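Structure at a glance
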Amino acid sequence: MNTIKMEHNYHILLIDDDRAFNFLNEKIIEFEKFATKISSHVDAREALVELKSLQETNPPGFPDFIFLDINMPEMDGWEFMEQFKLLNEEVKAKCRVFILTSSLNPIDILKSKTYNEVKGFASKPLTTEILNFIRSEKTNQFIILM
Amino acid sequence: MLLTLKTIHPLLEQHLATLPDSFTQNEALQNFIETVNEAYQKFDRDRESIQHSHRLSDLEYVEINKKLNESTDRLSLATKAAKMGVWEWSGVTGNIIWDDLMYEIFGVTDREAFGKISTNWFKLTHPEDVPKISKKLAHINTEEPTMHFEFRIIRPTDNSLRYISASTFLSVDPKKQPIRIVGICMDVTELRLAEKEKAELLENVLKQNRELEDFAFVISHRLRSHSSKLSTVAHVFKNPSANESLQKELIKEVEKEAHLLDETLKELTEIIGINDNKSTDIETLNLQTIIESAISNLQTAIENCNATVEVSIDSSIQVYAVKSYLQNICFQLLDNALKFRTKKKQLVVRIVAEENDENVKLSITDNGIGIDLKRHQNKLFGIYRKFHTHIEGKGIGLHLAKKQLELMGGKIEVQSMLNEGTQFNVYLKKA
């Protein structure tokens, strides 16, 4: 079956403490033409600062997707989600958060389900398959890709 | 006297002697007096025959006595064998009666001085247990005549803490009034201490199990992070859009990751490996010497950050330790103090050693950035746990140090306040 690669105007935010992973994931997303704007942070706290400022000054500029790592020093993925929850509903409505981690721990999967904003759990590496799933995914279904 | 009685009963004689002659010599009353005499005599005869029929023969008496003694001996031997002290408290007199074993269990040597007052044994009871015993004893009633309780005493003979198990039985009279309490006491100290030890052992095993699980989890996660990185690189590499310059960068990434993987495996080997090293290399070491060599190894770093290291360790302090472990522990803690300093203050590290009979306590205190113990307490000594992105390190230093310390029979604890500083206390075995 032929999959037509659709071009999207998505804005994607990558949060991973490993710079290399952010670089690699950016490349993958670029190749898939999944987004027109990709930004990344190695520190979840700085990501929050950016998101809060977008909420105030440029709501349309809020990302459509966030790929979030779990295990990070300073502020981990869960601590980020606790803060993310507190942002405005209107500005969060268009944003889908996906956990992207090397963890295979089922507890992490369960935890990710407890956040309404998290739409899925994916295991690294970020592949074409994952992006295809996300493209076609129904927004009310939680997806697990491992 | 007009009496024609053959024999006059002594009692009657007594009575008649008190009466006037006019009465005793009255003809009409003679019959009456005779009847009374006969009645007294019959009573005497009846009484004698009853006593006679119920009198134990000497033989019977000896036999019964013998059986009674045998029974008492048996009971006595049984309670002695079971080390049960038997006691009795009289509701009437308030006195207590103790057998020999009771005095032994409670460590009372001067029985006279101890006396028979029922509250005296209370004085031997551990003060914390007095309220609960009083409550229990107050609850003894005819509905619940048997009761069982445990309490601790401070045994006077050696001032030791003993665990006593007691059982009581309330005995009542036909009107259901309590008349006495009978009971037994046993010294169950050895049993209780063995139970405590077992519970501690179990807790230790469970704790080690949890640590092991945590360790396995973290290691597998670590390895997975390497493999997922390599998969991601391959995925990007294969993509037709990947040009030559990108590919060159990706190869570098592969090299880097392969190197990190190699290091992870080496660390793994080291950490797992130290469990095999039994305590054969334990020797007597001079603590001051070890600390000074750790300082000299970090001399350049100390000078570079303009830190002051103050050492207060008596040159006589010796410890039992594995040399390479102790060196690593001292190095690690000092290195941490240097790494986690704050730019706002000049770093001061204080290294102090105190000793008591069994242990030596080594304290390393810094005035650095401190640790958020509320958040990180449980993960601090875990493997690959880092809390700061910008400070180099893998997150295994403290883990290794703790493992090595525990293998030497020591332990480590930490106190810290964010932005104030941190103190690590290391407990070592004194030589």
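Read on for an overview of the structure.

Parameters and conventions
In this convention, every chain numbers its residues from 1, walking through the sequence in written order. Here the convention is simple: chains get letters from A, ligands get numbers from 1, in the order in which they are written. Given that this is a predicted model, residues contribute local features only at a pLDDT of at least 70 and side-chain atom pairs are listed and counted only at 80 or more, while totals for whole chains, interfaces and linings are drawn from all residues. The side-chain values count all of the structure's non-hydrogen atoms but skip hydrogen atoms and water molecules. Going along the chain from the N terminus, every DSSP run of H or I of four or more residues is numbered as a helix, and every run of E of two or more is numbered as a strand. By definition, residues are in contact when any of their heavy atoms lie within 4.5 Å. Strands were regarded as paired on the criterion that DSSP finds at least two bridges between them. Take the buried Ala, Val, Leu, Ile, Met, Phe, Trp, Tyr and Cys residues and link them wherever side-chain atoms come within 4.5 Å; each set so joined is a nonpolar core. A simple rule labels every residue: compare its accessible area, found with a 1.4 Å probe on the protein chains alone, to the largest value its type can have, and call it buried under 20%, exposed over 50%, or partly exposed in between. Put simply, two rings from Phe, Tyr or Trp (the six-membered ring, in Trp's case) pair if the centres are within 6.5 Å, and we call them stacked under 30 degrees between planes, edge-to-face over 60, tilted for the rest. When the NZ atom of lysine or the CZ atom of arginine is within 6 Å of a ring's centre and also within 35 degrees of its normal, the charge is said to sit over that ring. Buried area is calculated as the accessible area (1.4 Å probe) missing from two parts once they are joined, with the contributions of both summed. Any Lys or Arg side-chain nitrogen found within 4 Å of a carboxyl oxygen on Asp or Glu counts as a salt bridge. Whenever two N or O atoms come within 3.5 Å, that pair is a polar contact, provided that in protein one can donate a hydrogen and the other can accept it, and provided that, for residues adjacent in sequence, both atoms are side-chain atoms. For this scheme, ten residues count as nonpolar: Ala, Val, Leu, Ile, Met, Phe, Trp, Tyr, Cys and Pro. Four count as charged, namely Asp, Glu, Lys and Arg, and the remainder, Gly too, count as polar.

1. Looking at the environment of K27 of chain A
As for its position among the elements, K27 of chain A is in helix α1 (residues 19–31). Sequence spacing of K27 of chain A and I38 of chain A is eleven residues, and the spatial spacing of their C-alpha atoms is 9.7 Å.

2. Focus on the environment of F62 of chain A
Residues and elements named next belong to chain A. Along the polypeptide, F62 turns up in the loop between α2 (44–57) and β3 (65–68). Considering only alpha carbons, one finds F62 and A93, 31 residues apart in sequence, at a separation of 10.0 Å. Apart from the residues within four sequence positions on either side, F62 is in contact with H11, L51, L54, F84, L87, V91, K92, K94 and C95.

3. Thoughts on the pairing of strand β1 (residues 84–90) of chain B
All names here are of chain B. As defined by bridge partners, β1 adjoins strand β5 (residues 178–187) across seven bridges and the pair is classed as antiparallel. When the bridges of β5 are listed, V86 appears paired with I184. Bridge count for β1 against strand β2 (residues 96–98) is three bridges, and the pairing is antiparallel. Paired with E88 across the two strands is I97, which belongs to β2. Counting the residues between successive antiparallel strands, the hairpin from β1 to β2 contains five residues, one of them, G94, with a positive phi of roughly 75°.

4. Notes on the nonpolar core
In this structure, L287, L326, I351 and L362 of chain B are the most contacted members of the largest nonpolar core, which totals 44 residues. Taken together, the elements giving at least two residues each to this core come down to α10 (287–297), β8 (318–322), α12 (323–339), β9 (348–355), β10 (359–366), α14 (397–407), β11 (411–417) and β12 (421–430) of chain B. Sorting elements by how many residues they give to this core places α12 of chain B first, with eight residues. Sequence-distant contacts of L287 of chain B, that is, excluding residues within four places in its chain, are made with I313, I317, L326, A353, V360, L362 and L428 of chain B. Within the second largest apolar cluster, 26 residues are counted, among which are L13, L51, F84 and C95 of chain A.

5. Some details on the packing of aromatic side chains
Across all of its chains, the model carries 15 aromatic pairs over all chains by this definition. Relative to F98 of chain A, the ring of F65 of chain A has its centre 6.1 Å away and its plane inclined at 35°; by these criteria the two rings are tilted. One end of the pair, F65 of chain A, is in strand β3; the other, F98 of chain A, is in strand β4 (residues 96–101), with 33 residues separating them in the sequence. Note on F65 of chain A: relative accessible area 1%, which makes it buried. Here a set of aromatic residues connected by ring pairs shows up, and it is made of W98, Y103, F106, F114, F149 and F151 of chain B. Across from the ring centre of F21 of chain A, 3.7 Å away, lies the NZ or CZ of K124 of chain A, which sits over that ring.

6. Remarks on the interface of chain B and chain A
Between chain B and chain A, the residue contacts involve 24 residues of the former and 26 residues of the latter. Taking both sides of the interface into account, the surface hidden between chain B and chain A amounts to around 2100 Å²; carbon and sulfur atoms contribute 62%. Between E79 of chain A and R375 of chain B there is a salt bridge, with its nearest N and O atoms 3.1 Å apart. The interface formed by chain B and chain A contains eight residue pairs in polar contact (both at pLDDT 80 or more). Mapped onto the side of chain B that touches chain A, the elements with two or more residues apiece are α8 (189–238) and α9 (244–273) of chain B. Broken down by element, the residue count for the side of chain B that touches chain A peaks at eleven residues, all from α8 of chain B. Class assignment for the residues of the side of chain B that touches chain A results in seven nonpolar, eleven polar and six charged.

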